[in-house]
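Commentary on secondary and tertiary structure
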Amino acid sequence: MLVTGQTGFKGSWLSLWLQQLGAEVTGFALPPSTTPSLFDAARIGGLIDHVEGDVRDYAAVRAVVERARPELIFHLAAQPLVRLSYAEPVETYATNVMGTVHVLEAARQNGQVAGIVCVTSDKCYANREWIWPYRENDPMGGHDPYSSSKGCAELAAAAWRSSYFEADGPALATVRAGNVIGGGDWSQDRLIPDLVRAFEAGTPPLIRSPEAVRPWQHVLEALGGYLAIAERLLAGDRSFADAWNFGPSDEDARPVGWMVERMRAAWSGGGSDLPETRLDTGPRPHEAGLLRLDSSKARAALGWQPALTLDRALEWIVAWHKAVAAGEDARAVTLGQIEAYVAAAGAPVRKAA
């Protein structure tokens, strides 16, 4: 199978999980955008057929699809940061919209791809800042370039599904997760990586928007949903070729300030030896204040539900970073958490034959 964006945080976790399941994986992505990165720390390039390339280059995308001859494509390659999208809007749309179009069209032209799982975002919805969680049939939108680009990617996928894939061709699903968190994320301008960096350095974390509410969830929760959808698509059930939300339990949509205090407690073991946080009072672009996802469709049709509480997810993140900082092998630590998650979730996917 083909994974785009395997050098990113979520793509690295997915590539390791697929490899553990016995899949033959080809990855297509730019080099890791951070140093360090989970891709490098866990030596994922040695486990898969790693191809460097840019989804903005249609010829390169088509070439890797022809090379890999995948039965299934997981499309994760993206510009994933809201704040960066304000600074680089053209790059954001080129990657998130045209990159998606390139993958869909390459799959269409190839003629052998059975299924596509296209990863977008919980931010694809027209956010009205209301208390009700968003459902899959709510309107697409987005105030900022990142959110808008993800809504556009959803619209493009829907157009390819109805124009080319409705009766034959790949079964195409789009998946929208919450704010994914987990060990091995060193991205800039993300809450958990920013906290980990500050805690490791012993410096006061700088946070913004402590009252903003997000649907936080461990990365394995989202990936478990993606894999469950992939199984249905490969089984030939085209009723799953649709849009899907994979979000946390209602009580785990929490404010930023709550997350900071829980991470401080988990990192310090309940002590208070960490520096106090500081509020970023500088100018900043608009970011949504309230966002929730309705995942009742996935619960009803897939039997999918979160296996980890948010507190447990934070404990796993702290354990991951402290283990790696102490010299443990990042690949082994990551695979250990995948095995623990599969056990907790009741083995949501089967090993490849």
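This text gives an overview of the structure that appears in the document. (Residues numbered from 1 in each chain as written. Predicted model: local features only at pLDDT ≥ 70, side-chain atom pairs only at ≥ 80, totals over all residues. Heavy atoms only, no water.)

This part is about the overall build of the chain. The helix and strand tally for the chain stands at 12 helices and 12 strands. Relative to a compact globule of 353 residues, whose C-alpha radius of gyration would be 20 Å, the chain shows 19 Å and is just as compact. Expressed along its principal axes, the backbone C-alpha trace of the chain runs to roughly 60 × 45 × 40 Å. Counting only residues that meet the buried cut, the chain has 54% of its 353 residues in that class. Across the chain, every contact between residues at least 6 apart in sequence was considered, and the portion connecting residues at least 24 apart equals 80%. Taken as a whole, the chain presents about 14,400 Å² of accessible surface, with 51% of it coming from carbon and sulfur. Once the 33 positive and 42 negative side-chain charges of the chain are each reduced to a mean point, those two points are 1 Å apart. (Helix = DSSP H or I, 4+ residues; strand = E, 2+ residues; numbered from the N terminus. Rg over C-alpha atoms; globule rule 2.2 N^0.38 Å. Buried < 20%, exposed > 50% of the residue type's maximum accessible area, 1.4 Å probe, protein only. Contact = heavy atoms within 4.5 Å. Areas by Shrake-Rupley, 256 points an atom, 1.4 Å probe, with all protein chains shown as cover. Lys, Arg positive; Asp, Glu negative; His and termini not counted. Charge placed at Lys NZ, Arg CZ, Asp CG, Glu CD.)

On inspection of all chains with the given rule, the structure shows 16 salt bridges. With a closest N to O distance of 3.3 Å, Arg190 and Asp185 form a salt bridge. Overall, the relative accessible area of 4% leaves Asp185 in the buried class. (Salt bridge = Lys/Arg side-chain N within 4 Å of Asp/Glu carboxyl O.)

Attention now goes to the sheet that holds strand β9 (residues 213-218). Read across the open sheet, the three strands follow the order β7-β9-β11; overall the sheet is mixed. Of all the strands in the sheet, the pair left with one neighbour each is β7 (179-181) and β11 (253-255). Ignoring which end each strand starts from, the neighbouring axes of this sheet average 50 degrees apart. Bridge count for β9 against β11 is three bridges, and the pairing is antiparallel. Within β11, the residue paired with Pro215 across the bridge is Ala253. Along the sheet, helix α9 (residues 256-268) contacts β7, β9 and β11; its crossing angle with β11, the most-contacted strand, is approximately 85 degrees. (Pairing = 2+ DSSP bridges. Axes fitted to C-alpha atoms, helices over the stretch in contact; angles between N-to-C directions.)

What follows is about the pairing of β9. Most of β9 is tucked away: six of the six residues are buried. Where burial is concerned, the two faces of β9 agree: the one with Val213, Pro215 and Gln217 and the one with Arg214, Trp216 and His218 are both buried. By the bridge criterion, three bridges tie β7 to β9 in an arrangement that is parallel. Looking at β9, one finds that Asn179 is bridged to Trp216.

This paragraph deals with the pairing of strand β10 (residues 243-246). Every second residue of β10 is oriented toward a common face, with Ala243 and Asn245 on one face and Trp244 and Phe246 on the other, all of them buried. Inspection of the sheet shows strand β6 (residues 171-177) paired to β10 by four bridges, in the parallel sense. Bridging across to β10, Arg176 finds its partner in Asn245.

Take the packing of aromatic side chains next. All told, the structure shown has 10 aromatic pairs when counted by the stated rule. Taken together, a centroid distance of 6.2 Å and an interplanar angle of 70 degrees make the contact between Tyr226 and Phe246 edge-to-face. With Tyr226 in helix α8 (residues 219-234) and Phe246 in strand β10, this pair connects stretches of sequence that are 20 residues apart. You'll find Tyr226 and Phe246 in the same group, each marked buried. Its guanidinium or amino end placed over the ring of Phe240, Arg232 lies 5.8 Å from that ring's centre, counting from NZ or CZ. Lying across the ring of Trp244, Lys297 places its NZ or CZ 4.4 Å from the centre. (Phe/Tyr/Trp six-rings, centres within 6.5 Å; stacked < 30°, edge-to-face > 60°. Lys NZ or Arg CZ within 6 Å of the ring centre and 35° of its normal.)

Scanning all chains against the criterion turns up zero disulfides. The closest cysteine sulfur to the non-disulfide-bonded Cys118 is located on Cys124, 10 Å from its own sulfur. Its relative accessible area of 1% is what places Cys118 among the buried residues. Relative accessible area serves as the criterion here: at 0%, Cys124 is assigned to the buried category. (Disulfide = S-S within 2.5 Å.)

To continue, consider unusual backbone geometry. Negative phi characterises most residues that are not glycine, and trans characterises most peptide bonds. Pro36 follows Thr35 through a cis peptide bond whose omega is 5 degrees. For Glu129, which is not glycine, the phi dihedral falls at a positive 55 degrees. Structurally, Glu129 is set in the loop between β5 (115-119) and α6 (145-165). Given the relative accessible area of 36%, Glu129 is considered partly exposed. At Asp189, a position not held by glycine, the phi torsion is positive, near 60 degrees. Secondary-structure assignment places Asp189 in the loop between β7 and α7 (191-201).

Mapped onto the fold, Val25 is located in the loop between α1 (9-20) and β2 (26-29). On the basis of relative accessibility, which here comes to 7%, the residue Val25 falls in the buried class. Along the chain, Val25 and Ser15 lie 10 residues apart, while their C-alpha atoms are 7.2 Å from each other. Once residues within four sequence positions are removed from consideration, Val25 is found in contact with Met1, Val3, Leu18, Ile48 and Asp49.

These figures come from the coordinates and say nothing about function on their own.
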